[in-house]
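# Commentary on secondary and tertiary structure
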Amino acid sequence: QVQLVESGGGLVQAGGSLRLFCVASARTFDRYAMGWFRQAPGKEREFVAAISYRGGNTYYANSVKGRFTISRDNAKNTVYLQMNNLVPEDTAVYYCAAERTYGINGGISDYDYWGQGTQVTVSS
């Protein structure tokens, strides 16, 4: 069982930046690919970014490419999401997820463990 705890969300003006954190309880964190997803009110949960188990490969949704950066520190059991040039459409609850794989995926059903989410609100 893997527990994931997100933090770093908050209220920011359009054009601003936030850095999200996700700390995992897994002793074998470096065997998990990690992903970030988000869900806005009234919308389905959607993929944002993913990173492979050692961080060598990353994958982004088109809507965030060039603005968001996913990274990880396996020594700290932590995955990050650096979000720059935020726009109101980025407002959502952001979720961290883990998948036991040496690959990298963007599908919600691919991930085995989920955090409780952290709220990001971007004002115009």
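Residues numbered from 1 in each chain as written. Predicted model: local features only at pLDDT ≥ 70, side-chain atom pairs only at ≥ 80, totals over all residues. Heavy atoms only, no water.

This next bit is on the sheet that holds strand β8 (residues 78-83). Within a sheet, adjacent strands bond to each other through the backbone by hydrogen bonds, running parallel or antiparallel. If you walk across this open sheet you meet the four strands as β1-β3-β8-β7, and the pairing is antiparallel. Lying at the two open borders of the sheet, with one neighbouring strand each, are β1 (4-7) and β7 (68-73). When strand polarity is set aside, the average angle formed by the axes of neighbouring strands in this sheet is 15°. Where β7 and β8 come together, six bridges link them in antiparallel fashion. Its bridge partner being in β8, D73 is matched across the sheet by T78. (Pairing = 2+ DSSP bridges. Helix = DSSP H or I, 4+ residues; strand = E, 2+ residues; numbered from the N terminus. Axes fitted to C-alpha atoms, helices over the stretch in contact; angles between N-to-C directions.)

Okay, the state of the cysteines next. Counting across every chain of the model gives one disulfide. Shown here is the disulfide that connects C22 with C96, its sulfur atoms set 2.1 Å apart. Given an S-S torsion of about -75°, the disulfide between C22 and C96 has left-handed geometry. You can see C22 sitting in strand β3 (residues 18-24) and its partner C96 sitting in strand β9 (residues 92-100), a full 74 residues away along the chain. Taking relative accessible area as the criterion, C22 reaches 0% and is therefore assigned buried. (Disulfide = S-S within 2.5 Å. Buried < 20%, exposed > 50% of the residue type's maximum accessible area, 1.4 Å probe, protein only.)

Here the focus is unusual backbone geometry. If you check the backbone angles, N77 has positive phi at about 55° while not being a glycine. Positive phi values are uncommon outside glycine, yet N85 reaches one of about 50°. Residue placement: N85 occurs in the loop between β8 and β9. Given a relative accessible area of 45%, N85 falls into the partly exposed group.

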